[in-house]
Amino acid sequence: MMNYACSFSECKNWCNYTCECDNTGKGFCEDHLSLHISTEGKHDIKKNFFSLTIDEKEVFAAQLEVSLKKLDSIREKMSKKSKEIIEKTIEKTKESLDCIRKKQSLIFKVLEFLRQNDRIRTKSRQTKVKNFIFNYAKNPNDYYDKLLVEESEIIETLDLEKKKENLGKKEEDLNIRTFDFNKKFKKSNKKLKRIKASVKYLNEQYELIKKSILSEISMTVYNLEKLNLSYEFTNPLKKNINSSDNPGIIYSEIVDNLKKLTDQIILKSFNLGEDFSKLQKYIDDD
Ligand SMILES: [Zn+2]
Ligand SMILES: [Zn+2]
């Protein structure tokens, strides 16, 4: 038993503090503690009591009342829930037992039928017994396998832990699928950005080609006008023909330019077409 009195002789006060300075753990009352720490030494003082004010006690007690009420409500919810689960389990068990009984009775009937018959008329009236024989007589293992599947289904419906496990698995699957979807989405977003950049590039190329064609055409038109003018100059009725405006030379220049222009257009269209099919392939690739 620990001594709760102050270690000073004759003092009858409670030792509210302990000092570990001499490893004996001496207890002191409030007054004698200050006397003790005034002596030399490495004091290590600990409070012996954990105290609460009246306010703190009231608040704490009120909170405990709330917790008591909460525990009551948890108990009520729990018993309601377990009642539900028990009722459902009983219902499921009844259903399963019923199902098992029906199967057993059918098998007894089949066995009875087999005792009395060697064959069934294929066009006779359909019954459960006959159907069973048609379905399983040649492959009896099929029925046994079916029972194995049904067995695990029945046990699973009754097994709460199993249900929780399955739910967890489903959640996991969902998380994986969401993750995959996000990954694909990010990937296709990147792809979309690249496609947009490619389309922009192709449009720029197209504009450049259009511009160069237009400038070539306006050049040709200019030359043709010049040629027309030269014809006017070559008109015998007109004078002062300029030799550099020889219509023959200008005409062959125009034809040359037109040929070059056509070649350029064909080449550029071909390149543009190749770029487009590359882009198409990129879009189609997954
Ligand atoms: Zn004392
Ligand atoms: Zn001390």
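Residues numbered from 1 in each chain as written. Chains lettered and ligands numbered in written order. Predicted model: local features only at pLDDT ≥ 70, side-chain atom pairs only at ≥ 80, totals over all residues. Heavy atoms only, no water.

Undergrad: Explanation requested: a nonpolar patch on the surface in the structure shown.
TA: On the surface, Phe50, Leu52, Phe60 and Leu64 cluster together into a nonpolar patch covering about 450 Å² of accessible area. Checked against the element boundaries, Phe60 lands in helix H2 (residues 54–116). Exposure remark for Phe60: the relative accessible area of 46% places this residue in the partly exposed category. (Patch = residues over 30% accessible without salt bridge, like charges linked within 9 Å, V, L, I, M, F, W, Y side chains within 5 Å. Areas by Shrake-Rupley, 256 points an atom, 1.4 Å probe, with all protein chains shown as cover. Salt bridge = Lys/Arg side-chain N within 4 Å of Asp/Glu carboxyl O. Helix = DSSP H or I, 4+ residues; strand = E, 2+ residues; numbered from the N terminus. Buried < 20%, exposed > 50% of the residue type's maximum accessible area, 1.4 Å probe, protein only.)

Undergrad: Looking at this model, I keep getting lost on the coordination of the zinc ion (ligand 2). Mind explaining?
TA: Four donors placed tetrahedrally around a metal ideally meet at 109.5 degrees, and six donors placed octahedrally ideally meet at 90 or 180 degrees. For the zinc ion (ligand 2), the protein coordination sphere consists of Cys19 (SG), Cys21 (SG), His36 (NE2) and His43 (ND1), at 1.8 to 2.3 Å. Viewed at the metal, the 4 donor atoms of the zinc ion (ligand 2) are separated by angles of 103 to 115 degrees, and the geometry they form is tetrahedral. Site description for the zinc ion (ligand 2): donor spacing in sequence, C-x1-C-x14-H-x6-H. Note that Cys21 is positioned in the loop between strand S1 (17–19) and strand S2 (26–28) and His43 in the loop between helix H1 (30–37) and strand S3 (45–47), a separation of 22 residues in sequence. Here His43 falls in the partly exposed class, since its relative accessible area comes to 24%. (Donors = N, O, S within 2.8 Å, 3.2 Å for Na, K, Ca; no water. Tetrahedral: all angles 85-135°; square planar, octahedral: opposite > 155°, others 65-115°.)

Undergrad: Which parts of the structure should I look at to understand the sheet that holds S1?
TA: By definition, the strands of a sheet pair up through backbone hydrogen bonds, in either a parallel or an antiparallel sense. Spatial ordering of the open sheet is given by S2-S1-S3, a layout of 3 strands whose pairing is antiparallel. Lying at the two open borders of the sheet, with one neighbouring strand each, are S2 and S3. Along the sheet, successive strands turn relative to each other by an average axial angle of 30 degrees, direction set aside. Where S1 and S3 come together, 3 bridges link them in antiparallel fashion. Each bridged residue has a counterpart across the sheet, and for Thr18 the counterpart in S3 is Lys46. Against the sheet, H1 engages S1, S2 and S3, with an angle of about 120 degrees to S2. (Pairing = 2+ DSSP bridges. Axes fitted to C-alpha atoms, helices over the stretch in contact; angles between N-to-C directions. Contact = heavy atoms within 4.5 Å.)

Undergrad: Whenever I open this one, the pattern of salt bridges confuses me. Can you help?
TA: Oppositely charged side chains can form a pair if their charged atoms are brought close together. Evaluated as defined, the whole model comprises 8 salt bridges. Here Glu150 and Lys103 are joined by a salt bridge, their closest N and O atoms 3.0 Å apart. Of the two residues, Glu150 sits in helix H4 (residues 140–158) while Lys103 sits in helix H2, which places them 47 residues apart along the sequence. A relative accessible area of 21% means that Lys103 is categorised as partly exposed.

Without other data, these values stay purely geometric and don't point to any function.
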